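Coordinate inspection notes
Each chain, written out:
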Amino acid sequence: MTDERIDPLEGRDPMMIAERSFSSRLIVGTGKYRSHEETVEAIRASGAEMVTVAVRRVDLDASKQESLLHHLRPEEFFLLPNTAGCFTADDAIRYARLGREAGLSSWVKLEVIGDQETLLPDTEALLEATRVLTAEGFTVLPYTNDDLITALRLEEAGAAAVMPLASPIGSGLGLLNPLNIRLLKSRLSVPVIVDAGVGTASDACLTMEQGVDGILMNTALAAAERPELMASAMRLAVRAGRAAYLAGRMPTREWAVPSSPSTGMLD
Amino acid sequence: MTDERIDPLEGRDPMMIAERSFSSRLIVGTGKYRSHEETVEAIRASGAEMVTVAVRRVDLDASKQESLLHHLRPEEFFLLPNTAGCFTADDAIRYARLGREAGLSSWVKLEVIGDQETLLPDTEALLEATRVLTAEGFTVLPYTNDDLITALRLEEAGAAAVMPLASPIGSGLGLLNPLNIRLLKSRLSVPVIVDAGVGTASDACLTMEQGVDGILMNTALAAAERPELMASAMRLAVRAGRAAYLAGRMPTREWAVPSSPSTGMLD
Amino acid sequence: MTDERIDPLEGRDPMMIAERSFSSRLIVGTGKYRSHEETVEAIRASGAEMVTVAVRRVDLDASKQESLLHHLRPEEFFLLPNTAGCFTADDAIRYARLGREAGLSSWVKLEVIGDQETLLPDTEALLEATRVLTAEGFTVLPYTNDDLITALRLEEAGAAAVMPLASPIGSGLGLLNPLNIRLLKSRLSVPVIVDAGVGTASDACLTMEQGVDGILMNTALAAAERPELMASAMRLAVRAGRAAYLAGRMPTREWAVPSSPSTGMLD
Amino acid sequence: MTDERIDPLEGRDPMMIAERSFSSRLIVGTGKYRSHEETVEAIRASGAEMVTVAVRRVDLDASKQESLLHHLRPEEFFLLPNTAGCFTADDAIRYARLGREAGLSSWVKLEVIGDQETLLPDTEALLEATRVLTAEGFTVLPYTNDDLITALRLEEAGAAAVMPLASPIGSGLGLLNPLNIRLLKSRLSVPVIVDAGVGTASDACLTMEQGVDGILMNTALAAAERPELMASAMRLAVRAGRAAYLAGRMPTREWAVPSSPSTGMLD
Amino acid sequence: MKVEVNGTSREFVAGGSVLALLVELEIDPRMVVVERNRGIVRRDDLDRVQVEDGDRFEIVQFVGGG
Amino acid sequence: MKVEVNGTSREFVAGGSVLALLVELEIDPRMVVVERNRGIVRRDDLDRVQVEDGDRFEIVQFVGGG
Amino acid sequence: MKVEVNGTSREFVAGGSVLALLVELEIDPRMVVVERNRGIVRRDDLDRVQVEDGDRFEIVQFVGGG
Amino acid sequence: MKVEVNGTSREFVAGGSVLALLVELEIDPRMVVVERNRGIVRRDDLDRVQVEDGDRFEIVQFVGGG
């Protein structure tokens, strides 16, 4: 049975970011897996086309150990460098430039963290870095909180998409404030990608049902008991949520309505 | 790309009821569609193998109008007659017998309604009808509420599966009490199929994540703006929820945990 | 400042059960406290007029130890014997009769448990015991689940009030299914008292906002770090929820509406 | 019965802001009531000591019509001018200065709105205005979103308290993200007052149970069917939630625990 | 003779078997189940069982339902 | 004589009324209810009802419960 | 002379202090705050500050707000 | 000469280009990006840019991250 048969949207509903078309609305990270092999198995199962990577120092004492890059072939995956771990606009800009040089594109998942404990974004510094990098020709995808005003400013600053969190990075608490996400989506012209906090398939499905363009996740896969199987679950859940959003759900009622005819009963 | 490639469980995780194996964990009703054509399109898109039908009088003035049966070929679908609209054990038993005669099996979705407004089950009458029909050799799938004690009695009475509601029939309110559903699943030996109340894909996904064996729905598809597309969404959502349940979700935390390494940062 | 000043309903909104008027809508249990003193302090702080007690064997080796009854003076509290721990109608009836003999009234909080692990009611046996005890002149307050049909049957059987659970006894999970509770209240003529599951003040407040007549709780007080203070919290919460229900809450909107005038701004 | 008897915290648990002690943790607005009389009745019933007012042009054609100020005697209420309706730091600063001149204090509820439709705060402008006004000796209480980083910056900027929203102004949607509010409270030294979004008593109770110092509301009272009664409900709910927070709620469990002894049953 | 079918009484002029009745009613026997005086008439017996005056029939089929 | 009280059998040497039994057990009659061979003994009858050999008693009271 | 008050320009025939202006407008000075050409006029100065031709005034008060 | 690489100072005996440094460190140039004294050295320039005494290098690569 063909893929299309299962998902009528297959190939007909790409995710568009900065005029580039992506076959999957699911973007996955590559951190925290037990091995490179497990990483690649999970990514493949997720069906993701875009995957994020971090920029870090080469370990000089272990430089011979095989790099993740050997497993992520550019023709198979679109690599999106992030600026994770940066606490100032300057640091984030520095990492973004290194990432561009290391990679094949000028796309960056921009993170400027404001607090070590919660990893919540510093929106002021995020705006500043977005302006600088956009001016340098970067395609900037900023990780932000779920505040509409900040999102609108990021759009003005040239962000190619806005990536609000569902809940704190690595928390797995799911979509804590669906209203804010719907507000963002209803007011922004650029794509909205929910980034961080999704913990299981129903979280992903519910998030897509808000009408957003895509979801970025990492821990939900890497920290599952069976990462590859959870990756398949997420792949299906993102498509399910997207299809349900487009299909237009039934209205809810607080009373019952029979599914079978009330006429034609026997005497 | 093959179906199996998308869903590693494909063909490896059948739903077993009364020793019979079903390829899909999604069971769908056939009521409330705009046309027979729409009904069949939606059922096909849902991937369901088992579909429910009601037993009603032939309309003598319109006996020539083509019957739904012409569209549901027995080799394609397993027809499950219901006793919808019955308010006493006797009525339900009578409809069950007629359904068996009309169909090709002795399976019945047993409904004994206790209240017109809410369509909630009359559990006492339901138990009685279950005992009688089981003794007559029926494979009984009773629609019940989410009360554990009643479910245990239905199992004792010989029910082949227990079908608790998520919320009232046709309400689309989703899974109102996940705890009760988990309790049922943890205590019963027969399969648990959640029947009624699921409104959109995330409801189906969340319901499957409770560990239940399957879901039965009708209005969520028939009353969607685009029934066929919603049927695909539900098909994907049920698989997503099942896979996530088996994959073992990540633990939740109220604080953040980075996805990228905290070591190897630049000076 | 007088009580009435704080709560305009004070003395004007009694809870009526079987023609008897109770000053407080909060009913509390007396189990699981660290001492008789703590029990009485908490009960007094709760403002409850009706308090439940269990019927148990006298410990012959410790018969001199002071009984709880010494602390619960009948002129201060209305004692409601329960049939906790009974798993059959016969047992429950036996305990009810003993309770009537020990106490000063023929009221009974009727429990017939169907499962040791969840302490959920056996509704069939509960109905039977309700019929028998009503015929014997008891004022029967049955502890039941949140199923509307069972509640309607209990009313038919002569129950003076119906006491559905919010969540399992001692779980503290709060009101899991507000819809079912609203359904019960909208369809029953006798009072609806939510019994079991309330864990903290907001649970009590939310429960009263559903329009129910009262709440019965025990563990939420006895298992709090400071039972007496939690009892005061519950007293206030029950009044708050009742007043809010009667006051008619504002409608909700998904957009904002200013609280200050939009006219008269400066140039 | 005395007030203290009902609420053991009465007089023992004041809300402290900028070294000033307030008898009530509930702060109420004065907008959107049907009349000055209704306003004052509701405020009195709420028990609030601090009430907010807006600064607007005198209507020269109706200058003789009696002002709200005639009804809010300074010895009875502490008036807190707001800067509602301001969309820039400069405007907010201008209104704050006018408010100080009109009132008797240098306290201000600082609002800088970033979007007309949602009335969400412009956090960058809010920070700027907070710095300027603090430097001018104002006691600044900024209305902000539920972002921790912004809250920490406001504290650094000299805010006397931080006032995050529960949900959009006038929406009545209640506390959408309890986690964020708990995060703020756990990390800030200045008081946290939840401002906007509370719709009914259980919302207020639940909000106080997060450990915050107080709540500010307006529409929940003014738009209730019976404002004065809802004001009493809120007064009770805020105390109930505070007491429950201090009392330490019971732990939750997914199984049941009996409230009556399991020993001493009859044969 | 007079029979009642699905709640309405009607003349069954020709008379004969239940199958004959279905034919007169233009109902495809393979699509329905017939209940005669509260007892089900097995499909194979439709032509053997004779309709009698005053018989009460319920003729049912599967319709869409949930 | 031998009686069973609350599940344990014991000697009731003195013999006599149920009240006498309570006194021997040092139980305040106003605080308890007595069931004798499955039948409740009303409080007023405690001194009238005589204990017989082999009687089975349940003596209960109110305890804290929810 | 011509002044602007709360966005509308009007004649201030009598002329004189800001207080005089308030009196002409029948506004109770204790209930309002006056801003003259973007600067606040302290209440004590109302009778000292003279209104000049072309002055722009904002006269505000507290109203109900949240 | 003395250089600092990724935070630790080391001897670069041979001397020469940045590429030569990578070779000595046994690092595959195609897998990394080199920052010299805070400025990125384009991959094509690795063999042209000469290492000087006291140079500070950051040599980075892609690793797993979210």
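These numbers come from a predicted model, not from an experiment. (Residues numbered from 1 in each chain as written. Chains lettered and ligands numbered in written order. Predicted model: local features only at pLDDT ≥ 70, side-chain atom pairs only at ≥ 80, totals over all residues. Heavy atoms only, no water.)

**Focus on the overall build of chain A**
A tally of helices and strands in chain A yields 9 helices and 10 strands. Relative to the globule expectation of 18 Å for 267 residues, the C-alpha radius of gyration of chain A, 20 Å, shows essentially globular dimensions. With 267 residues in all, chain A has 67% of them scored as buried. Sequence separation of 24 or more characterises 65% of the internal contacts of chain A that already satisfy a separation of 6 or more. Surface accessibility of chain A: about 8,700 Å² in total, with carbon and sulfur atoms responsible for 48%. (Helix = DSSP H or I, 4+ residues; strand = E, 2+ residues; numbered from the N terminus. Rg over C-alpha atoms; globule rule 2.2 N^0.38 Å. Buried < 20%, exposed > 50% of the residue type's maximum accessible area, 1.4 Å probe, protein only. Contact = heavy atoms within 4.5 Å. Areas by Shrake-Rupley, 256 points an atom, 1.4 Å probe, with all protein chains shown as cover.)

**Description of the pattern of salt bridges**
According to the stated counting rule, one finds 104 salt bridges over all chains in the structure shown. Linking R73 of chain D and E75 of chain D is a salt bridge whose minimum nitrogen-to-oxygen distance equals 2.9 Å. On the basis of relative accessible area, R73 of chain D is assigned to the partly exposed category, the value being 37%. Classification of E75 of chain D as exposed rests on a relative accessible area of 60%. What you see here is one network of salt bridges that share partners, running through R44, R73, E75 and E76 of chain A. (Salt bridge = Lys/Arg side-chain N within 4 Å of Asp/Glu carboxyl O.)

**Points about the interface of chain A and chain D**
Contacts between the two partners involve 22 residues from chain A, matched on the other side by 22 residues from chain D. For the chain A and chain D pair, buried surface summed over both sides reaches about 2,000 Å², with 52% attributable to carbon and sulfur atoms. Our enumeration of links across chain A and chain D arrives at 6 salt bridges. Between D122 of chain A and R153 of chain D there is a salt bridge whose closest N-O contact spans 2.8 Å. If you look at where chain A meets chain D, you find 4 residue pairs in polar contact (both at pLDDT 80 or more). (Buried area = accessible area lost by both parts, 1.4 Å probe. Polar contact = N/O pair within 3.5 Å; in protein donor to acceptor, adjacent residues only side chain to side chain.)

**Side note on the relation of the copies chain B and chain A**
For these two chains of identical sequence, chain B goes onto chain A by a turn of 180° and a shift of 0.0 Å along the axis, with RMSD 0.0 Å. The operation mapping one copy onto its partner corresponds to a two-fold rotation axis. Of the residues that chain B buries at the interface, 100% are likewise interface residues in chain A, meaning the two copies contact each other through the same surface. (Least-squares fit on C-alpha atoms with pLDDT ≥ 70 in both.)

**A short note on the interface of chain B and chain A**
Contact with chain B, which involves 79 residues of that partner, is made by 79 residues of chain A. For the pair chain B and chain A, the summed buried surface comes to about 6,600 Å²; carbon and sulfur atoms form 59% of the total. Counting every contact that joins chain B to chain A gives 38 residue pairs in polar contact (both at pLDDT 80 or more). Those elements giving two or more residues to the side of chain B that touches chain A turn out to be helix 1 (3–6), helix 2 (36–46), strand 4 (50–57), helix 3 (89–102), helix 7 (201–209), helix 8 (219–222) and helix 9 (227–247) of chain B. Tallying contributions element by element places helix 9 of chain B first for the side of chain B that touches chain A, with 13 residues. When the residues that make up the side of chain B that touches chain A are grouped by side-chain class, the tally is 40 nonpolar, 20 polar and 19 charged. (Nonpolar A, V, L, I, M, F, W, Y, C, P; charged D, E, K, R; others polar.)

**Examining a negative patch on the surface**
Residues D90, D91, E124 and E128 of chain A together with D90, E124 and E128 of chain D make up a contiguous surface patch of negative charge. Put simply, the parts of the chain that give the negative patch at least two residues each are helix 3 (89–102) and helix 4 (123–135) of chain A together with helix 4 (123–135) of chain D. In this fold, E124 of chain D is placed in helix 4. Residue class for E124 of chain D comes out partly exposed when judged on its relative accessible area of 35%. (Patch = residues over 30% accessible without salt bridge, like charges linked within 9 Å, V, L, I, M, F, W, Y side chains within 5 Å. Lys, Arg positive; Asp, Glu negative; His and termini not counted. Charge placed at Lys NZ, Arg CZ, Asp CG, Glu CD.)

**Digging into the arrangement of the chains**
Left apart from each other, chain E and chain F have a closest C-alpha approach of 43 Å. Left apart from each other, chain E and chain G have a closest C-alpha approach of 51 Å.

**What to know about the state of the cysteines**
In this structure the tally under the stated criterion is 0 disulfides over all chains. Free cysteine C205 of chain C: the closest other cysteine sulfur is in C205 of chain D, separated by 5.0 Å. The exposure class assigned to C205 of chain C is buried, which follows from its relative accessible area of 0%. (Disulfide = S-S within 2.5 Å.)

**Here we look at the sheet that holds strand 8 (residues 163–164) of chain C**
Residue and element names in this part refer to chain C. Here we have 3 strands laid out as an open sheet, ordered 6-7-8, and parallel in their pairing. Here the strands that pair on one side only, and so sit at the sheet edges, are strand 6 (107–110) and strand 8. Judged from the 2 bridges that link them, strand 7 (residues 139–144) and strand 8 form a sheet pairing that is parallel. Bridge pairing links T144 to P164 in strand 8. (Pairing = 2+ DSSP bridges.)

**Regarding the sheet that holds strand 8 (residues 163–164) of chain D**
Residues and elements named next belong to chain D. Strand order in the open sheet formed by 3 strands is 6-7-8, with parallel pairing between adjacent strands. Two strands close off the open sheet at either side, each with one partner strand: strand 6 (107–110) and strand 8. Relative to strand 7 (residues 139–144), strand 6 is paired through 4 bridges, and the arrangement is parallel. Paired with L110 across the two strands is P142, which belongs to strand 7.

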